[in-house]
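Breakdown of the fold
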Amino acid sequence: MISSLLKWVLPVIAILVVAGLFTRKTFHVEAVIPAAPHEVWKILMDTEAYPDWNPVFVHVQGDYVQGGKVRNKVRDPEGKFLEMSAAVKNLTENRELRQTGGLFGVITFDHRWRLEPVQGGTKVTQHEVDRGLYLWFWNSDWIEPAYAQVLVALENRLTDTQ
């Protein structure tokens, strides 16, 4: 009995695990902010000031340093807080901040800030790829609009500090 049950259960579990590994969602927002990349970078690197301006990443514990770890406190649109640890995978001054984290197979994230000098300022991009089985159950419709709000708040912060 157990043997025949395992013949059905194990393949189903294997299929779910493989499907979870290939499940992904991509979030992408960008805006041109009328400031030089080094000015935008300065705001992004000042993690202590995030509670003053950032509506989504309301608290970052730690500093962004290559190979470092930070703890992000994120507020969703319902006002609930999510906490997650991230590893800083890439830090290219005035250009890119890349953080990754999560639990492999369940849910992982690869979040990047990219800064590109353009006519009129800096093109600021937030690009994130999430993977894992949990994506089947999690309503992530709020991510892109929230990231767009962060870009507006970032521009406002730059205006306030100039």
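As a starting point, this report considers the structure included with it. Every value quoted in this text rests on a predicted model; they were computed, and no experiment measured them. (Residues numbered from 1 in each chain as written. Predicted model: local features only at pLDDT ≥ 70, side-chain atom pairs only at ≥ 80, totals over all residues. Heavy atoms only, no water.)

**As for unusual backbone geometry**
Most of the time, phi is negative for any residue but glycine, and the peptide bond is trans. Here is the rule: A run of H or I in DSSP becomes a helix once it reaches four residues, and a run of E becomes a strand once it reaches two; helices and strands are each numbered from the N terminus.
For Asn-94, which is not glycine, the phi dihedral falls at a positive 65°. With respect to the element layout, Asn-94 can be found in the loop between β4 (81-92) and β5 (96-103).

**A short note on the nonpolar core**
Definition in use: As used here, the term nonpolar core means buried Ala, Val, Leu, Ile, Met, Phe, Trp, Tyr and Cys residues forming a set that is joined through side-chain atoms within 4.5 Å. Residue burial is assigned from relative accessible area. The probe radius is 1.4 Å, only protein chains are included, and a residue is buried under 20% of its type maximum, exposed over 50%, and partly exposed in between. By definition in these notes, contact holds between two residues if any of their heavy atoms fall within 4.5 Å.
Of all hydrophobic cores here, the largest spans 35 residues; its most connected members are Val-40, Leu-44, Trp-53, Tyr-64, Trp-113, Val-124 and Leu-154. Of all the elements in the fold, those that place two or more residues in this core are β1 (24-33), α2 (37-45), α3 (50-53), β2 (57-61), β3 (69-75), β4, β6 (107-118) and α4 (143-161). Looking at which element gives the most residues to this core, the answer is α4, with eight residues. Dropping the residues within four chain positions of it, Trp-113 is found in contact with Leu-44, Arg-95, Glu-96, Leu-97, Val-124, Thr-125, Gln-126, Val-150, Leu-151 and Leu-154.

**Observations concerning a nonpolar patch on the surface**
For clarity, the cut-off: Candidate patch residues must exceed 30% relative accessible area and have no salt bridge, after which like charges are joined if within 9 Å and Val, Leu, Ile, Met, Phe, Trp or Tyr side chains if within 5 Å. Here the open area of atoms and residues is found with the Shrake-Rupley method and a 1.4 Å probe, where only the protein chains shown may cover a residue. Salt bridge, as used here, is a side-chain nitrogen of Lys or Arg placed within 4 Å of a carboxyl oxygen of Asp or Glu.
Residues Trp-8, Val-9, Leu-10, Ile-13, Val-17, Val-18, Leu-21, Phe-22 and Phe-104 make up a contiguous nonpolar surface patch of roughly 980 Å² in combined accessible area. Within the secondary structure layout, Val-17 lies in helix α1 (residues 2-22). Taking the relative accessible area as the measure of exposure, Val-17 reaches 46% and is therefore partly exposed.

**Side note on the sheet that holds β4**
As a reminder of what qualifies: Two strands pair under a simple rule: DSSP has to find at least two bridges between them. Axis angles are defined between N-to-C directions and span 0 to 180 degrees, where every axis is a line fitted to C-alpha atoms and, for a helix, only to the segment in contact.
Reading across from one edge, β1-β7-β6-β5-β4-β3-β2 is the order of the seven strands in this open sheet, with antiparallel pairing throughout. Whereas interior strands pair on both sides, the edge strands pair on one side only; in this sheet they are β1 and β2. The average undirected angle you get between the axes of adjacent strands in this sheet is 25°. Contacting β4, β5, β6 and β7 (121-131), α2 runs over the sheet at an angle of about 150° to β6. Across the sheet, α4 is in contact with β1, β2, β6 and β7; its angle to β1 comes to roughly 25°.

These results come straight from atomic positions and should not be treated as a statement about function.
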